[in-house]
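As a plain string of letters, each chain reads:
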Amino acid sequence: MIVCVAVVGHENNPLYLQSFTEADDALKLHHIVHSSLDVIDERVNNPKKSGSTLNETFLGLLYPTENYKVYGYLTNTKVKLIMVMTDLDVKDADVRSFFRRFHAAYVDAVSNPFHVPGKTTTSKSFGQRVGSMVKSFGPGATA
C-alpha cells in the first residue's frame, strides 16, 4: 500500500507532497521523503557505484526502512518523484508503471498555462488523479 507520494523540484524544493495515512504519520513521511533526496543525489552523481545508466529515469528502491520502502524516479528536467509504501513484496514492473502514470499526471498538471514553474502544484484535478492512482495500485490492478 502506498502511504505517501511526493514531487520534488530540481533544487530539492517540495512541489507536491500527499500522505495517505493518519495525520500523525505526515511529519514522519515528510522526513523520509526528504532523506531520500540524498540517496537520489548520490545515485545521479555516482552512476558507476549504483550501476544504473544515465538514461534510466526509474531509480528503483532507494532504501528500505523498518516499516517502509522508498522508491524514486527522476525526470529529464531533474524533478524527482518519490513513493513511500508499506508493501514489502512488490514487483519493480508495477512500481515502474505507477511512476509512468504519476509522471504523466504531473506533466499534465504543470502544462496548465496558469501554473507557475517551480512553484507548488495546487491543482485539485492532479490531487484527485494521484489519489485514484494510489487507490488502484497493487498486484493485479490494471491502469
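Above this text is the structure in question.
Everything quoted here is computed from the prediction, not taken from an experiment.

About the thresholds
Residues numbered from 1 in each chain as written. Predicted model: local features only at pLDDT ≥ 70, side-chain atom pairs only at ≥ 80, totals over all residues. Heavy atoms only, no water. Helix = DSSP H or I, 4+ residues; strand = E, 2+ residues; numbered from the N terminus. Contact = heavy atoms within 4.5 Å. Core = buried A, V, L, I, M, F, W, Y, C linked by side-chain atoms within 4.5 Å. Buried < 20%, exposed > 50% of the residue type's maximum accessible area, 1.4 Å probe, protein only. Phe/Tyr/Trp six-rings, centres within 6.5 Å; stacked < 30°, edge-to-face > 60°. Lys, Arg positive; Asp, Glu negative; His and termini not counted. Salt bridge = Lys/Arg side-chain N within 4 Å of Asp/Glu carboxyl O.

**Q** Would you mind going over the environment of Leu74 in detail, with residue names and values included?
**A** Mapped onto the elements, Leu74 comes out in strand S4 (residues 69-74). Between the alpha carbons of Leu74 and Glu56 there is a distance of 8.3 Å; along the sequence they are 18 residues apart. In this view, Leu74 contacts Val44, Thr57, Leu59, Val79 and Lys80; residues no more than four positions away in its chain are not counted.

**Q** Outline the nonpolar core, listing residues and values.
**A** By size, the foremost hydrophobic cluster in this structure holds 25 residues, and its most contacted members are Val5, Val7, Met83, Phe98, Phe99, Phe102 and Phe126. With sequence-adjacent residues up to four places away left out, Phe102 is seen in contact with Val5, Ala6, Val7, Leu81, Phe126, Val130 and Met133. Among the nonpolar cores identified, the runner-up in size contains 18 residues, and Leu29, Ile32, Val39 and Tyr68 belong to it.

**Q** Tell me about the packing of aromatic side chains, and please be specific about residues and values.
**A** As enumerated under the stated definition, the model contains eight aromatic pairs in all. Ring centres 6.0 Å apart and planes at 55 degrees place the aromatic pair Phe58 and Phe99 in the tilted group. One end of the pair, Phe58, is in strand S3 (residues 58-64); the other, Phe99, is in helix H3 (residues 92-110), with 41 residues separating them in the sequence. With relative accessibility at 6%, the residue Phe58 sits in the buried group. When the ring of Tyr106 is compared with that of Phe126, the centres are 6.3 Å apart and the planes differ by 65 degrees; the resulting orientation is edge-to-face. Residue Tyr106 is found in helix H3, and its partner Phe126 is found in helix H4 (residues 124-136); the two are separated by 20 residues along the sequence. Each of the two residues, Tyr106 as well as Phe126, counts as buried.

**Q** Requested: an account of the side chain of Lys69, with residues and values cited.
**A** Along the chain, the position of Lys69 falls in strand S4. Of the side chains with opposite charge, Asp89 comes closest to the buried, unpaired Lys69, at an N-O distance of 6.8 Å. Setting aside chain neighbours within four positions, we find Lys69 in contact with Leu61, Tyr63, Pro64, Met83, Val84, Met85, Asp87 and Leu88.

**Q** For the pattern of salt bridges, give the residues involved together with the corresponding values.
**A** Applying the stated criterion across every chain, the model contains one salt bridge. When the shortest N-O distance is used, the salt bridge between Asp108 and Arg129 registers 2.6 Å. A residue pair is termed long-range when its members are at least 10 positions apart, and Asp108 in helix H3 and Arg129 in helix H4 qualify at 21 residues. Note on Asp108: relative accessible area 46%, which makes it partly exposed.

**Q** Describe the environment of Glu66, with residues and values.
**A** Take Glu66: it is sitting in the loop between S3 and S4. Remark: the alpha-carbon pair of Glu66 and Thr86, spanning 20 residues in sequence, is separated by 9.5 Å.

**Q** Describe unusual backbone geometry, listing the residues and the values that go with them.
**A** Here Asn12, not a glycine, exhibits a phi torsion of approximately 60 degrees, which is positive. Relative to the elements of secondary structure, Asn12 occurs in the loop between strand S1 (2-8) and strand S2 (14-19). Overall, the relative accessible area of 26% leaves Asn12 in the partly exposed class. Even without a glycine there, the phi angle at Lys78 is positive, about 65 degrees. Of note, Lys78 is situated in the loop between S4 and strand S5 (80-85). With a relative accessible area of 44%, Lys78 lands in the partly exposed category.

No statement about biological role is implied by the geometric values presented.
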